[in-house]
Amino acid sequence: MGKSAQGTTEKGASGDGTQSASGASVKRKRAKPDKRQGSNKMSAEERLRFGLLSAQLTLAQQADRAVLVLVAGHAATGKGELINQLNHWLENRLTEVHALAPGDEERCRPYWWRFWHRLPTRGRLGVFVHGWVGDAVLARASRALGEGAYSDRIEQMRQFEAELAADGVQLVKLWLQIDAESQRRRLEMLAADPATRWQVTEDKWRRHAQHGLLDELARDLRKRTHRRHSPWIELDASSGDSLLPQVATLLENVMTTPPPALEAESSPALEAVQPPTLAALVQREAPERLKKRDYVERLSESQARLAELARSAARQRVPLVVMFEGHDAAGKGGGIHRLTSALDARLYQVHQIAAPTEEELLHPWQWRFWQRLPRDGRVAVFDRSWYGRVLVERVEGLAVEDDWRRGYEEIRQFEARLLEHGAVVVKLFLAIDKDEQLARFEARAATPHKRHKLTDEDWRNRERWDDYQQAIDEMFSQTHVPGAEWTLIDANDKRRARLEVIQEVSRRLAARLPLA
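Being a predicted model, the structure only gives us computed values, none of them experimental.

1. Some thoughts on helix α5 (residues 131-141)
Move 1: Counted residue by residue, α5 has eight buried out of 11 residues, so it is predominantly covered.
Move 2: Listed in full, the buried residues belonging to α5 are Gly 131, Trp 132, Val 133, Gly 134, Ala 136, Val 137, Ala 139 and Ala 141.
Move 3: Following α5 by one or two positions, Arg 143 has its phi on the positive side, about 70°.

Put into structure tokens, the structure is as follows:
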């Protein structure tokens with residue numbers, strides 16, 4: 001038998017006797033159970049904690065979405081304490097908390113990279129402290145963002161949050177509110193306690209002095225970014241009472257109920273730029289095929305010019321993103337090889353984009369491309385790209401129509417973020433006609449060291465040639481925008497096409513680096 005609070009029990013002749021210290025059997029009344037011990041009844045806090053944890057474990061098991069909690073608000077509202085308590089209640093192996101203080105990794109990439117890079121996978125819960133909302137409000141209050149740039153940032157927020165909601169990330173936005181007088185008393189109290197004095201910085205007092213301005217900005221921002229799929233929830237922190245019960249109840253509800261329907265966002269009108277078309281390429285008179293001797297000479301000159309420009313871009317910390325799309329067997333690999341032969345191997349990386357991995361499938365579809373963006377002064381070369389969403393995923397039925405149609409705007413926004421950061425974006429499409437493709441397929445099949453390049457998928461794609469032609473032209477019309485224009489290259493002549501690839505990249509770099 002085990003030990004209880006009443007001593008060591010032993011069955012004896014008396015039936016309910018207990019054994020004294022001397023070993024003699026003594027009679028006494030059966031003890032009443034202690035309600036504080038062994039009771040199956042849970043307190044309100046225990047029920048709340050159990051419900052939250054159960055909901056989180058169910059979320060992890062189903063893995064059909066991620067939950068992202070944004071905690072923002074005024075200074076001295078107890079955000080840190082709330083998050084610490086919440087993390088203690090949750091299964092922290094399934095929880096990620098990010099309080100971002102931008103470092104070199106963040107500053108040398110587009111602003112939104114820091115958030116895309118840290119998105120939780122489906123089945124997990126992520127917490128961002130301060131986040132894109134706090135950044136914008138504080139930057140506007142300090143005039144680091146002008147009125148126009150601030151409005152643009154808010155538009156980017158709406159787009160970012162809509163993309164998350166559409167692709168399996170449920171967003172919970174919490175704003176912790178406090179009035180100015182309560183904030184002052186809280187700061188004074190924290191400053192008077194040696195254990196918490198470190199929390200009261202000059203920045204906190206500065207934010208207190210700007211309470212009225214920050215409050216006005218935050219209210220306006222919340223109004224402009226409140227959507228059915230990403231609503232704002234305001235919590236009053238003035239009293240100093242724990243907000244944990246409210247937040248735990250809220251999160252349990254979020255994790256146990258289906259996410260709300262996506263609220264459509266209006267897309268800005270495209271700036272009128274005449275896109276290329278495959279039909280126009282076919283109608284052009286094909287130039288004479290380039291002779292090998294002329295090609296070798298021009299290739300050497302072109303690569304030398306590109307090398308010079310790439311070194312200048314590295315010195316000026318200008319990132320370069322070169323993206324290759326094209327028909328199967330159009331020569332993308334050969335173009336990439338000649339391009340990178342002119343670059344310092346320490347400064348570039350080639351990304352071959354194929355079917356997404358298991359990890360990538362647990363994130364929004366753009367996540368894997370944000371992961372591969374280059375640092376300032378570096379080069380990223382994409383062999384296939386984010387345009388797979390509106391090409392192969394569309395034609396092969398790998399994405400539903402709503403998703404690939406929404407993909408046009410999401411791609412435009414993605415590339416706009418690259419351009420805002422100062423990147424040079426070069427989009428190349430290598431096109432060949434159907435007869436030339438057949439000839440190259442047959443040549444690959446007959447050449448042992450090239451046979452691996454020809455797959456059943458290549459033949460299957462060829463059967464849907466017309467469908468791809470239609471998708472390609474629509475892609476051009478929807479994503480040919482200033483700064484991220486498409487360059488359509490006639491790749492029937494491999495030598496000319498390789499030269500055009502290098503020359504186009506050089507032309508775009510030279511335009512961005514006028515002093516190079």
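2. Quick notes on the layout of surface pockets
Move 1: Taken as a whole, the second largest pocket encloses approximately 660 Å³ of empty space.
Move 2: Every residue lining the second largest pocket is counted, 27 residues in all, and those nearest its centre are Thr 77, Gly 78, Lys 79, Gly 80 and Glu 81.
Move 3: Looking at the lining of the second largest pocket, the elements with two or more residues in it are α2 (79-89), α7 (180-192) and α8 (202-209).
Move 4: Here the lining of the second largest pocket takes five residues from α2, the largest share from any one element.
Move 5: Across the lining of the second largest pocket, the residue classes tally to 11 nonpolar, nine polar and seven charged.

3. Some words on the packing of helix α18 (residues 434-446) against helix α19 (residues 456-463)
Move 1: For the pair α18 and α19, interaxial distance at closest approach is 12 Å and the crossing angle is 160°. The angle between α18 and α19 places the two elements in the roughly antiparallel class. The chirality of how α18 crosses α19 is left-handed. Note on element contacts: α19 touches α18 through Asp 458, Trp 459 and Arg 462, opposite Lys 434, Gln 437, Leu 438 and Phe 441.
Move 2: Considered class by class, the residues forming the contact of α18 with α19 number three nonpolar, one polar and three charged.

4. As for the nonpolar core
Move 1: Counting residues in each nonpolar core, the largest one holds 65 residues, and the members touching the most others are Trp 132 and Trp 386.
Move 2: Among the elements that take part in this core, α5 stands out by supplying six residues, more than any other.
Move 3: Filtering out sequence-adjacent residues up to four positions away, Trp 132 remains in contact with Leu 68, Leu 70, Tyr 111, Trp 112, Phe 115, Met 157, Phe 160, Glu 161 and Leu 171.
Move 4: By size, the runner-up hydrophobic cluster in this structure holds 32 residues, among which are Leu 299, Ala 342, Ile 502 and Leu 513.

5. Quick look at empty space enclosed by the protein
Move 1: A full pass over the atoms with the stated rule returns seven cavities of 30 Å³ or more.
Move 2: Forming the walls of the largest cavity are 15 residues, and the residues nearest its centre are Gly 73, Val 137, Leu 138, Trp 175 and Arg 207.
Move 3: When residues in the lining of the largest cavity are grouped by element, the largest group, four residues, is from α5.
Move 4: Volume-wise, the second largest cavity comes out at about 90 Å³.
Move 5: Forming the walls of the second largest cavity are Trp 112, Trp 116, Gln 156, Gln 159, Phe 160, Glu 163, Gln 366, Trp 370, Glu 410, Gln 413, Phe 414 and Arg 417.
Move 6: When residues of the lining of the second largest cavity are traced back to their parent elements, those giving at least two are α6 (147-166) and α17 (401-421).

6. Observations concerning the packing of aromatic side chains
Move 1: For the structure on display, the rule yields 24 aromatic pairs.
Move 2: On the basis of an interplanar angle of 80° and a centroid distance of 6.4 Å, the ring pair of Trp 175 and Trp 232 is categorised as edge-to-face. A residue pair is termed long-range when its members are at least 10 positions apart, and Trp 175 in strand β6 (residues 169-177) and Trp 232 in strand β7 (residues 232-236) qualify at 57 residues.
Move 3: Among the residues examined, Trp 175 registers a relative accessible area of 4% and is labelled buried.
Move 4: Look at Trp 232 and you get buried, because its relative accessible area is 10%.
Move 5: Seen from their ring centres, Trp 386 and Phe 414 are 4.9 Å apart, and the 80° between their planes marks the pair as edge-to-face.

7. Some remarks on unusual backbone geometry
Move 1: Although it is not a glycine, His 130 adopts a positive phi angle of roughly 80°.
Move 2: Topologically, His 130 is positioned in the loop between β5 (125-129) and α5.
Move 3: According to the relative accessible area criterion, His 130 is partly exposed, its value standing at 23%.
Move 4: The phi angle at Arg 317 is positive, at roughly 60°, despite the residue not being glycine.
Move 5: Inspection of the secondary structure puts Arg 317 in the loop between α12 (292-315) and β8 (320-326).

8. With respect to the confidence of the model for the protein
Move 1: Predicted confidence across the protein gives a mean pLDDT of 90, with 92% of residues reaching 70 or more.
Move 2: Contacts from residues 33-38, a stretch scored under 50 in pLDDT, to residues over four places away or in other chains number zero contacts.

9. Thoughts on the packing of helix α13 (residues 332-340) against helix α21 (residues 494-512)
Move 1: For the pair α13 and α21, interaxial distance at closest approach is 9 Å and the crossing angle is 50°. For the element pair α13 / α21, the angle class is oblique. Judged by the twist between their axes, the crossing of α13 over α21 is right-handed. Taken together, the residues of α21 that come into contact with α13 (itself represented by Gly 334, Gly 335, Arg 338 and Leu 339) are Arg 498, Val 501, Ile 502 and Val 505.
Move 2: When its residues are assigned to classes, the contact of α13 with α21 shows four nonpolar, two polar and two charged.

10. Here's the deal with the sheet that holds strand β10 (residues 379-383)
Move 1: In spatial order, the strands read β9-β10-β8-β11-β12; together these five strands make up an open sheet with parallel pairing. Edge positions in the sheet fall to β9 (348-352) and β12 (486-490), since each of these pairs with one other strand and no more. Neighbour to neighbour, the strand axes of the sheet diverge by 20° on average, direction disregarded.
Move 2: Pairing geometry for strand β11 (residues 424-431) and β12, over five bridges, is parallel. In the sheet register, Lys 427 faces β12, and the bridge partner there is Trp 486.

11. Quick notes on the side chain of Asp 458
Move 1: By the secondary structure assignment, Asp 458 is in helix α19.
Move 2: Salt bridges are absent for the buried Asp 458, whose nearest opposite-charge side chain, Arg 444, sits at 4.7 Å.
Move 3: In contact with Asp 458, not counting residues within four places along its chain, are Asp 328, Phe 441 and Lys 453.

12. Details of the sheet that holds strand β4 (residues 95-99)
Move 1: Sheet architecture is open: five strands sit in the order β4-β5-β3-β6-β7, paired in parallel fashion. Looking along the sheet, the strands with just one partner apiece sit at the ends: β4 and β7. Direction aside, neighbouring strands of the sheet carry axes that sit 20° apart on average.
Move 2: In the packing of helix α9 (residues 211-225) onto the sheet, the strands contacted are β6 and β7, and the crossing angle to β6 comes to about 155°.
Move 3: Here helix α10 (residues 244-256) sits on the sheet in contact with β3 (66-73), β5, β6 and β7, set at roughly 165° to β6.

Thresholds applied
Residues numbered from 1 in each chain as written. Predicted model: local features only at pLDDT ≥ 70, side-chain atom pairs only at ≥ 80, totals over all residues. Heavy atoms only, no water. Buried < 20%, exposed > 50% of the residue type's maximum accessible area, 1.4 Å probe, protein only. Helix = DSSP H or I, 4+ residues; strand = E, 2+ residues; numbered from the N terminus. 1 Å grid on protein atoms, 1.4 Å probe; cavity = no way out; pocket = protein on both sides within 12 Å on 5 of 7 lines; lining within 4 Å. Points joined across faces, edges and corners; volume = space filled by probe spheres on them. Nonpolar A, V, L, I, M, F, W, Y, C, P; charged D, E, K, R; others polar. Axes fitted to C-alpha atoms, helices over the stretch in contact; angles between N-to-C directions. Parallel < 35°, antiparallel > 145°, perpendicular 65-115°, else oblique. Left-handed = near helix turned anticlockwise from the far one by under 90°. Contact = heavy atoms within 4.5 Å. Core = buried A, V, L, I, M, F, W, Y, C linked by side-chain atoms within 4.5 Å. Phe/Tyr/Trp six-rings, centres within 6.5 Å; stacked < 30°, edge-to-face > 60°. pLDDT = per-residue confidence, 0-100. Pairing = 2+ DSSP bridges. Lys, Arg positive; Asp, Glu negative; His and termini not counted. Salt bridge = Lys/Arg side-chain N within 4 Å of Asp/Glu carboxyl O.

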